[in-house]
Structures are given as structure tokens and as C-alpha cells.
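Residue-level structural notes
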Amino acid sequence: MVGGGGRKPLDYEELNENVKKVQYAVRGELYLRASELQKEGKKIIFTNVGNPHALGQKPLTFPRQVVALCQAPFLLDDPNVGLIFPADAIARAKHYLSLAPGGLGAYSDSRGIPGVRKEVAEFIQRRDGYPSDPELIYLTDGASKGVMQMLNTIIRNERDGILVPVPQYPLYSAAISLFGGALVPYYLEEEANWGLDFANIRQTVTAARSKGITVRAMVIINPGNPTGQCLSEGTIRELLSFCYHENLVLLADEVYQQNIYQDERPFISARKVLFDMGPPMSREVQLISFHTVSKGYWGECGQRGGYFEMTNLPPKTVDEIYKVASIALSPNVPGQIFMGLMVNPPKPGDISYMKYAAESKAILESLRRRAHIMTDGFNSCRNVVCNFTEGAMYSFPQIRLPQRAIDAAKSAGKAADVFYCLKLLEATGISTVPGSGFGQKEGVFHLRTTILPAEEDMPAIMSSFKKFNDSFMDQYDGYGGGSGYSRM
Amino acid sequence: MATSVSVETLNPKVLRCEYAVRGEIAIHAQHLLQQLERQPGSLPFDEILFCNIGNPQSFGQKPITFFREVLALCDHPNLLDREETKSLFSTDAITRAKKILAQIPGRATGAYSHSQGIKGLRDEIAAGIASRDGFPANADDIFLTNGASPGVHMMMQLLIRNDRDGIMCPIPQYSLYSASIALHGGALVPYYLDESSGWGLEISELKKQLEDARSKGIAVRALVVINPGNPTGQVCSYMYDVTRELSISSFFWGVHQPQVYQENIYVTNKKFNSFKKIVRSMGYNGVDLRLVSFQSVSKGYYGECGKRGGYMEVTGFSTTVREQLYKIASVNLCSNITGQILASLVMNPPKAGDASYDLYEVEKDSILESLARRAKAMVFAFNGIDGITCNKTEGAMYLLPRIHLPQKAIEAASAVNKAPDVFYARRLLDTTGIVVTPGSGFGQVAGTWHLRFTILPPEEKIPSIISRFREFHEEFMAQYRD
């Protein structure tokens, strides 16, 4: 450390290298450029992050009523409270206040309020048909926090590798960089509906090991982000079997489990499949499952509510995870209540049930329609092919960029898909995330957009995109047919 | 089949870090609590008295009404369309909620915000800081976080490159710092506060520790100041000296200062001055000194721990470094919106003339006065017990009495492989149900032993806590008298 006139600790050069290596394109270059343009007065449609309420989706009424009452418990003493809050919301608020001594303003247990964790366990049991232990469920400030905590616990040094699907949600790559581990990519097969090729994955693991990497864990995102595919039971079985034989802990990111837009492959949790497989695997495979209030039809991103559930972890490991959780004292209490409400919503017969069911149904059905509108819209564009969004909240079309466009991007000092997305942004105000932010095969380009813009705005958005794309392709690919390709 | 994730194969930094506040004693207290519930009467006491965590509302401290009104309206904006709302909420709460919602794109409190926090709220916070200190503050310098702790972690992440990077911390210190430094693989460089001078600091001590660390090959990167102190409770009067010393030696310029207790000052002759105000008033402007100041909604008179609201104000950084900080913040997208709103309310509370002002002042004063009374009563009581000395607490929520343990007690502790203060605290818990945090969790001068008590149990319980403690202590000392 040099004194007087030398480098200072917070000079860029003196920062932790791992921090510098981190990339998170979701709020990276495109987003920053879009924000600049917005400040200059341009109308921007932000489709860069799965943020439903920002695009006009309304919060569900019941949870907001309950949390407002928990926030201001003196309302419960007011004789007029029944005029504006339904009786079941009032009862539920009282229920949560009884579970949280000290109310919303006190630190809870570092793992989350025991009564809420019990509700989560009951939800898991109803969903999967197997009992779940609240002691192994930790509530977190969003699922991301839990993911980061797990990866930090697993990664010891730069030779610890984590298998991550490509394309992937860049939280994983960012966290692995931050904690100094090695990302071991396994490529999803676009032509096979973003399927997994286990022969390939085995080869990948062998290659990593031969380079001295200890592969520790495997990440699976189901439904996929950005790819949207829903895994079949058979695939999940193969995954678990693979983890068993290769001694990997499976990190199952299941935050989009409510967002399913086809009926052939409904959501099935990794935990259910694991227990269906019976011993020895059901007792040995280590599994961490993640969920959130940010997605589904709730879309309550701003609350930062999430949980992870641990299966088959040794008690001493759980103690260490508890210790790290305790440093942050507790997850935010309102977010915990949202989680409780999500896993334990109004039931038939409850006063608020009809409204709750109607609101939820409307959102889900609209998402399903939008998934189709977007997929079909992209497939009608020149040089664009798009797998159907089976689940989650995104569309991930492949843009077949002509060589001249790739060259132009290179001269501009940009990755080809970044170049395309910037031009798209400037022409139409549509702010997307280039596929390079998620990883893709060499020479194959994509962009990620969400299916979240309001349904009534979709036709205009898709036509604006088509206009831009087809004219871009005209510019860089020659006129008329040429080497153009479209799936429709 | 060897398991992949077992204690032998975990990240060693995770294994190394410790957090005594929710550590061994606290865990045991939870077991005893459960035992009392299952078998009432099975223990020599009938309630557990938690004096270990600064968690005011868990002891019955009431939240500030105005803040909760605004938050409830922001949680459920449909209320603003109803006529009945006017009879349930104060008019200025309604106005403030509308103002806040207008600052949120789409009035969507359920959406991820800008990764530094909602711009309009940061503007309010910056204005609040400027009005408090008399020096300007910039919304772009503010990062809203889930409590102050994530901000501390972010800075540690940014600063610590390897195990030879050192962060100077006051001893005793709030164990978030030691835990965070361990978690990020750095070295904690202690500087010892002087108990005999009310936890003051001799600059010679600072210089000595600095030179000592450097001679061991440690690159000292930052200095942490906690004002008012945790666990020590003093209002820092040494910040002028520290700044002057740092500027002359120009060793390092990153300074951390959690100010999370700035509202809890109990002595009338001391006032809270933020570190930023001090350095600015000494003539250091933005580029001369890198200063990170942390604030939280968990303490003060508002005590809203469960909301996880807070911010850090980062000044004196280059743009490229700020970009890195933004990038790290963006991976977690944003902090919870309720916490963000609350931070803006805390920095811009009701003013004279506002409809809620009178009630707000009454609530705030009553809490602060009660805290001051409890602090005084407990300090007085501790100092009246043989074998215990206790500096008065000038601020924050804690007391750190020193227990003068006899040699026999120290040996008894050693025989069961426990630090003497942990041994004492465990006995205290098992005998009386009182839960404290042993001083070794915070660091202390070698050979001295302390306990950290909060001053948060309800006022009517304080006399019984004191008398139970005194009885226990006298028996303990009698048992282990030399």
C-alpha cells in the first residue's frame, strides 16, 4: 500500500477483481441507454426485466389489504374498518400479527417467521404429496438472496465449478464471478425445444474435471429463464440421477412454477420427482429449491419475498447456513407475509375468494395469450425464429443476423446482438436484453424480451418490431427473399 | 457416497465467520423458551428476558403512527379512492402517500425500482441529509438497501481483494464488521477504544495499530467508525482527530461510518454530528476524502427493524467505481420498496404545522425519554454492584458493563473450553432467563470481560431485571471468589 500521492483503496484499479468481472446484462448497457433515452423524452417500453407491475399489471387485492392492515394495526381497532376491508382480510391480518410478536417492525427469526414457514411447508406438502419440514425452509429478501447465499457457501476457490445452463439468467454467472468460482456451461438445445442433452453434459463435466475443476453443483431453471421451456418428469428424473452419480447438489430455481402456458408438461417440482424415485436417491441427493413472490401471477417484485428449501443437507451444513443468515438478522417482514399469503391464498368459501380467483385467472390467461401473440409475431419476421414460451415470462427469439450486420457491429465495437438491440431501441423504444447477456452458442444471436406489456399494446409492439426488423434485414441482407428465413 | 455439500467442503470463509449476537447464547435461549412453553415451571424463572438484540418493537415499543399510515396507504393505494379513508387516516399521511406514489413509476409499489432506489425518495433523503448537516447531498450518491448491513457487505466486497487487505475496526465493535470481513476473506485490524475515558480514542493508538498492520504486510484499506457506538454507546468525539490524522498521513481515504443510531442521544451535552458534516466543516470537499455513511430505519426512535430499510451515501468516489457499486446493486435488482419509503419518511418526518406533527413529537419524545431513563437506571444499577463497572451510554441502545471476573471463574471457564464471558453469560441465562451477548463477540482488550445488554425491555421490567441480575452476580462471585 503506497502512501502519499499513490493509489487509493477505492481507485478502480484497487478494487476486488471479482467485482470487476461481474456482469449483469439485465440492468446493463441496453437498460442504461434506454434510461438515457427516456430522460430525453423518448417513450420506452421496458421489456428487459420480469417486472409485471411496472408494465401495468395490477397487484392482487387481497394481499394488499392484509399487508396494509398489518402495517397499520391501529386500523383494526377502528369501528369503521369493516367498511373498507373485507372480514377475511381483517382476520388474516390478525393471524399474521399473532405470528409476528412485535408486528412488522421487529426482526423475526433469522430464518423467517416460524408460522409463515409452516404455511410454506404445508403448501409444498399439498403441491407434492410429501411432507416438508419448516425448519429446513428459510425465507429470504427475494429468491436471489438465497441463490447467492448458497453459491457463496459452496464455492471455496476458483477450482470449484458450478454447472449452469446456457442460456441462463445471469444472476448465476454474476454470483459465480463474485464468489470466485468457475462457471461450467451446459448448452440447452434450441432445436429440441431448449432440451437437455445428457451425453453433452457428461462430456462437459469430464472436460472440466480434466482441467482440475471440481464440479460441485448443477443449476436448473424450471420453467426456464430466458428460454421458457418446461421440463418433463423424465428429464427431471435424469437430472436427479445425474446429480446422484456425479455427486452434485442440485439448485432448482422454480420461481416461475405458476407461469405455465401449455398443458402437456405441467409444473412438477424437483423435490417431488426425487421422492418419487425413492431410496437411495431420495435420501442422498442434495437439493435446494427456490421460490418467490416476484413472479407467477402475483408479480410482487418490489416486496423482495422468497424462500429456499433444503433437502438432504447434513445438519452441520444447515447450522452454517443459519449462521450466515443470522448476520443479516432477518428477511423483511412484509415480504414474509406476502409469501405466507401466496402459499396460503383465499379458499373457496372465503369472502375474498371469488375476486382473488378472478384476478388470478385473468392474469394467467392473458399471459398465456401473450405468450402466443409474441411467439407468432416473432416467427412472422424475416430471419427470426422463436421457440414457444412454454412458461416463465420471456420470449427469446433467435435473430439470424446477416454477415454484413455482424461486420457493421464489429466496426462499431459492439457484439452483434447488442448492436441489433441498440438499433431496435433507438428505432422503436423497445428495450430488450441481448442474448449475449444470457449466453448462447457461438455465432447464434438472440434477444430476450418479456411477455409482460399489456395485451392491448401487444399488436402495436409486435408490428413496430416487425417493421424495424424487416427493414434492418433489408438493409443488411439485400432486398426481397435472399437468404432470409422465417418460420411462418 | 460422499456428500457434496458437507461441513468439510464448505467455503472456509463461511466456516470462519461468527456472529455472536445470534450465536451460542441466543440459540440456547430459544431452546429454553421452547422448554418453558412445553413444560411451564421446569426452569428457575418463568420468562426469558431478551437483552441481546436491538429489536425495540419486539418489546412493545410502538411504531410511529404517521409512518405506518403512509406505508399502509402505499401498500394498498386503492384506499386513496375511498371516501371512508379520510376518516381512518390523517390528512397529511394521505397527502404524503399520494406524493410518494406519484414519484413511483406507474404508482407500482410492487415493481422492482431503480437499483439505487426510487429517484424521488433519494431526492428526499438527500434533502434530509443536507438539512441535517448544512452541507449538500446528492441523490446519485445514495443507495437504498435492505437495512444498513447489505451496504456494509457491498463495500467489503468492493474493497477486499485477498487476506492481506485490512479494514480497521473499533474494538469493541458490532460484530457485523468482523463477520463481514471474515466472509469476504479480509483481515480485521483492530483499534482499541479506551474504556477508562468513556470509550474515547487516543490517536496514538490508531497510528500504532496502523503501523503494526503495515509491518505485517497488511494493506489497510478503510477505517470504520460507529457513531454512536455499538456496543459501547459513546458519542464519538474523536472524528476531528481521525480525519486530521488520515489527511496528513494520507494512508487511506475510505471511511465507513454507520450512523444508524443518530437519533438515540441521551446526554444533553453531546450532539450527533455526522462524519460527513465534520469533514466538510474541516474543509474537505467531495474529492479529498472517500466517505461512506450508513443509515438504517431499524434504530432511532422508529425502531423498524423488520422493514429492512436503510441507505448508504457514498461520496468522493470516481465514476468508474460508482459504476461497479451500481453493478453489484443491480444483481439483486433493488431493495424492498416499503423499506425505501420508510427511509424517506425517517429523513423527512412531519414538520411543525403538519396535522400529524403533535402526535409525532409526543410519540418520538416519549420513546427517547423512556430510553434515556432506562439507560440511566441500568448504568446506575450496574455501577452499584461490586465487581461491575459500566460507562454511561450516551447514545444507541446498549450498555457494555465490564465484569471483573475472579481468577477461579476464568479457570472454571477454561476447563469447559469457553471464554469467561460466555461462561458467565450462559450461567446468567440458565439461572435467571436473562439473555445478553458476551463481550468476546464484539472484541475487547485482552483480559477484560464485558456483556452487552440492550436497554430495550419495557420500563416496568427493568427493576426486576436489575434485581435478578444482581442476585445472580453476587452468588456467582461468591462461588468463584479468589
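In this text, all values refer to a predicted model and were calculated from it rather than measured experimentally.

Turning our eyes to something else, we now look at the confidence of the model for chain B. Low pLDDT marks regions whose predicted coordinates should not be analysed in detail. Residues and elements named next belong to chain B. Residues with a pLDDT of 70 or more make up 94% of chain B, whose mean pLDDT is 90. Taken as a whole, residues 248-259 scores under 50 in pLDDT and shows 66 contacts with residues more than four places along the chain or in a different chain. Note on the complex model: pTM 0.94, ipTM 0.93.

Residues and elements named next belong to chain A. Applying the stated criterion to the full structure yields 32 aromatic pairs over all chains. Judged by centre distance (6.1 Å) and plane angle (75 degrees), the rings of Tyr 24 and Tyr 169 are edge-to-face. Here the residue Tyr 24 occupies a position in the loop between α1 (17-21) and α2 (29-39), and Tyr 169 occupies one in the loop between β3 (160-166) and α8 (171-178), the gap between them amounting to 145 residues. On the basis of relative accessibility, which here comes to 4%, the residue Tyr 24 falls in the buried class. A residue is classified by how much of its surface remains accessible, and Tyr 169, at 12% relative accessible area, is buried. Each ring, one from Tyr 420 and one from Phe 468, has its centre 5.3 Å from the other, and the planes form 70 degrees; the classification is edge-to-face.

Bringing the pairing of strand β5 (residues 219-224) of chain B into the picture now. Residues and elements named next belong to chain B. The element β5 is largely enclosed, with a buried count of 6 among its 6 residues. With 4 bridges connecting them, strand β3 (residues 165-171) and β5 associate as parallel partners. Each residue of the ladder has a partner; that of Ile 167, found in β5, is Ala 222.

Residues and elements named next belong to chain B. Across the sheet, 3 strands lie side by side as β10-β14-β13; this open sheet has antiparallel pairing. The open sheet has two edge strands with one neighbour each: β10 (398-399) and β13 (437-438). Across 2 bridges, the pairing between β13 and strand β14 (residues 451-454) is antiparallel. Note that in β14 the partner of Pro 438 across the bridge is Leu 451.

Below, the discussion takes up the side chain of Thr 393 of chain B. Residue and element names in this part refer to chain B. By the secondary structure assignment, Thr 393 is in the loop between β9 (388-389) and β10. You can call Thr 393 buried: its relative accessible area is 6%. Within the structure, Thr 393 has its side chain in polar contact with the backbone oxygen of Gly 395 (distance 2.9 Å). Among the polar contacts listed, one links the side chain of Thr 393 to the backbone oxygen of Tyr 398, at a separation of 2.9 Å.

A few words on the interface of chain B and chain A. Chain B puts 94 residues into the contact, and the matching count from chain A is 95 residues. Buried surface at the junction of chain B and chain A, both sides included, amounts to about 7,900 Å², of which 58% is carbon and sulfur. Its largest share of buried area at the contact with chain A, chain B owes to Arg 22, Leu 88 and Tyr 112 of chain B, together 10% of the area lost on that side. Counting the contacts that link chain B with chain A gives 36 residue pairs in polar contact (both at pLDDT 80 or more). Looking at the side of chain B that touches chain A, the elements that each hand over two or more residues are α1 (12-16), α3 (65-75), α4 (85-88), α7 (149-159), α8 (176-183), β5, α12 (319-331) and α13 (337-346) of chain B. For the side of chain B that touches chain A, the element with the highest residue contribution is α12 of chain B, accounting for 8 residues.

On to the nonpolar core. Proteins that are soluble and globular tend to have nonpolar side chains buried together. Leu 151, Leu 163, Met 218 and Tyr 420 of chain A together with Phe 67, Phe 453 and Phe 469 of chain B are the most contacted members of the largest nonpolar core, which totals 296 residues. The leading source of residues in this core is helix α14 (residues 357-383) of chain B, at 9 residues. Counting only domains with at least three residues in this core, you end up with domain 1 (7-60 + 364-480) and domain 2 (105-347) of chain B. Discounting chain neighbours no more than four positions away, the residues touching Leu 163 of chain A are Val 184, Tyr 186, Ile 201, Thr 204, Val 205, Val 215, Ala 217, Met 218, Val 219, Phe 242 and Leu 248 of chain A. In this structure, Met 168, Ile 218, Phe 275 and Leu 289 of chain B belong to the second largest nonpolar core, which totals 26 residues.

All right, on to the packing of helix α6 (residues 119-133) of chain B against α13 of chain B then. Residues and elements named next belong to chain B. At a closest axis distance of 8 Å, the pairing of α6 and α13 adopts a crossing angle of 30 degrees. By the criterion of interaxial angle, the relationship of α6 to α13 is roughly parallel. Read as a crossing pair, α6 and α13 show a hand that is left-handed. Residues Leu 121, Glu 124 and Ile 125 of α6 form the contact with α13, whose own contacting residues are Gln 340, Ile 341, Ala 343 and Ser 344. Here the contact of α6 with α13 is composed, by residue class, of 4 nonpolar, 2 polar and 1 charged.

So, how was this worked out
- Residues numbered from 1 in each chain as written.
- Chains lettered and ligands numbered in written order.
- Predicted model: local features only at pLDDT ≥ 70, side-chain atom pairs only at ≥ 80, totals over all residues.
- Heavy atoms only, no water.
- pLDDT = per-residue confidence, 0-100.
- Contact = heavy atoms within 4.5 Å.
- Phe/Tyr/Trp six-rings, centres within 6.5 Å; stacked < 30°, edge-to-face > 60°.
- Helix = DSSP H or I, 4+ residues; strand = E, 2+ residues; numbered from the N terminus.
- Buried < 20%, exposed > 50% of the residue type's maximum accessible area, 1.4 Å probe, protein only.
- Pairing = 2+ DSSP bridges.
- Polar contact = N/O pair within 3.5 Å; in protein donor to acceptor, adjacent residues only side chain to side chain.
- Buried area = accessible area lost by both parts, 1.4 Å probe.
- Core = buried A, V, L, I, M, F, W, Y, C linked by side-chain atoms within 4.5 Å.
- Domains from an automatic or database assignment.
- Axes fitted to C-alpha atoms, helices over the stretch in contact; angles between N-to-C directions.
- Parallel < 35°, antiparallel > 145°, perpendicular 65-115°, else oblique.
- Left-handed = near helix turned anticlockwise from the far one by under 90°.
- Nonpolar A, V, L, I, M, F, W, Y, C, P; charged D, E, K, R; others polar.

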